[in-house]
Amino acid sequence: MKRFVKALLESPSAAASLALFTREIWANPRAMGAACPSAPALASRMAARVPLDREGLVVELGGGTGAVTAALLKRGIPAWKLAVIERSPTLAHHLRQRFPQLRIIQGDAAQLEHLLGHDRSRGVGSIVSSLPLRSLHPTVTRAISCQFETLLEPGGLLIQYTYDLRGTQPRLLPYFRRLSSRIVWGNLPPARVEVFERI
Ligand SMILES: C[S@@+](CC[C@H](N)C(=O)[O-])C[C@H]1O[C@@H](n2cnc3c(N)ncnc32)[C@H](O)[C@@H]1O
């Protein structure tokens with residue numbers, strides 16, 4: 001945690017990400033659902049759970065300032081396999097500048113199937129979500145959960161983090177079973193990374 005705060009204060013790009021993130025929180029606190037961008041420890045934990053040998057796209061939801069996106073690339077997910085969805089036009093613009101090699105789609109994850117368009121035919125192997133499912137409006141959360149059910153075949157993975165250290169409420173993801181769950185203490189605040197499998 002100390003290392004994360006030190007990096008934020010010392011690196012100009014991390015400080016710029018924090019400033020952008022903070023502006024977005026003022027504009028839309030419920031959609032951001034967090035006080036800070038994900039720390040490297042959280043981002044790399046999320047990325048580490050994505051299988052490299054699985055067919056189909058890796059779809060990242062709620063790319064924000066790109067902390068998890070960078071970790072996914074570092075993990076070895078090829079750029080052509082990765083699609084990033086971000087609802088905020090400002091953050092989507094930031095992501096396009098930071099990752100010109102990636103497909104960054106500005107839009108609402110509640111319409112994920114539509115946003116993926118032709119890419120949908122490639123299938124979705126894993127979804128990596130930083131969406132604040134707890135703080136979004138319940139109808140939006142339900143619509144997003146329906147998209148998870150539609151796009152992932154049985155066996156497909158959903159990797160999600162939550163600041164509720166008790167874990168995601170099972171009623172939010174009725175067609176998934178939890179495979180693993182672990183707290184990352186080196187995030188501000190600590191977060192629980194959960195891996196769910198579509199049943
Ligand atoms: C907790 S923040 C993401 C943090 C990101 N991993 C980072 O470190 O910068 C949640 C992100 O989800 C985005 N978001 C919220 N609701 C969304 C929705 N319905 N569809 C797509 N993105 C959404 C927000 O704009 C925000 O960027």
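A few points on the structure. Sequence order as written defines residue numbering, which begins from 1 separately in each chain. Local features are withheld for residues below a pLDDT of 70 in this predicted model, meaning they are given only at 70 or higher, and side-chain atom pairs are given and counted only at 80 or more; totals for whole chains, interfaces and linings count all residues. Only heavy atoms go into the side-chain values, all of them from the structure, while hydrogens and water stay out.

**Some thoughts on the sheet that holds strand 4 (residues 124-129)**
Okay, so step 1: By the convention used here, strands pair only if DSSP detects at least 2 bridges between them. Helix and strand definitions follow DSSP, with helices as H or I runs of at least four residues and strands as E runs of at least two, each counted in order from the N terminus. Read from one edge of the open sheet, seven strands run 3-2-1-4-5-7-6, paired in mixed fashion. The open sheet has two edge strands with one neighbour each: strand 3 (103-106) and strand 6 (176-184). In this sheet, adjacent strand axes meet at a mean angle of 15 degrees when their direction is disregarded.
Okay, so step 2: Here strand 2 (residues 82-86) runs beside strand 3; their pairing, made up of four bridges, is parallel. For alanine 83, the partnering residue across the bridge sits in strand 3 and is arginine 103.
Okay, so step 3: The contact definition used throughout considers only heavy atoms, calling two residues in contact when any of these lie within 4.5 Å. Inter-axis angles, ranging from 0 to 180 degrees, are taken between N-to-C directions of lines fitted to C-alpha atoms, where helices are fitted over the stretch in contact. Each of strand 1 (57-61), strand 2 and strand 4 touches helix 5 (residues 67-75); the most contacted strand, strand 2, lies at about 175 degrees to it.

**Description of helix 5**
Okay, so step 1: Here helix 5 has its buried residues at Val68, Thr69, Ala71 and Leu72. One side of helix 5 holds all its buried residues, which, seen down the axis, span an arc of 165 degrees.
Okay, so step 2: Elements in contact with the buried residues of helix 5: helix 4 (40-48), strand 1, strand 2, helix 6 (89-98) and strand 4.
Okay, so step 3: Just beyond helix 5, the residue with positive phi is glycine 76, at close to 110 degrees. Three exposure classes are used, based on accessible area relative to the maximum for each residue type with a 1.4 Å probe and protein chains only: buried under 20%, partly exposed in between, and exposed over 50%. Arc definition: directions from the helix axis to the C-beta atoms.

**Some details on the site of the ligand**
Okay, so step 1: Proximity is defined per residue: if any heavy atom of the residue lies within 4 Å of a molecule or strand, that residue is considered near it. With respect to spatial proximity, 23 residues lie near the ligand, and among them Ser38, Thr65, Glu86, Asp108 and Ala109 are the closest.
Okay, so step 2: Contact distances for the ligand include 2.9 Å between an oxygen atom and a backbone N or O atom of threonine 65.
Okay, so step 3: Put simply, the parts of the chain that give the shell around the ligand at least two residues each are helix 3 (29-32) and helix 5.
Okay, so step 4: Amino acids are sorted into nonpolar (Ala, Val, Leu, Ile, Met, Phe, Trp, Tyr, Cys and Pro), charged (Asp, Glu, Lys and Arg) and polar (every other residue, Gly among them). Each residue belonging to the shell around the ligand can be placed in one class, and the counts come to 13 nonpolar, seven polar and three charged. As used in this structure description, the phrase polar contact means that two N or O atoms lie within 3.5 Å; if the pair is within protein, one of them must be able to donate a hydrogen and the other to accept it, and residues adjacent in sequence are counted only when both atoms belong to side chains.

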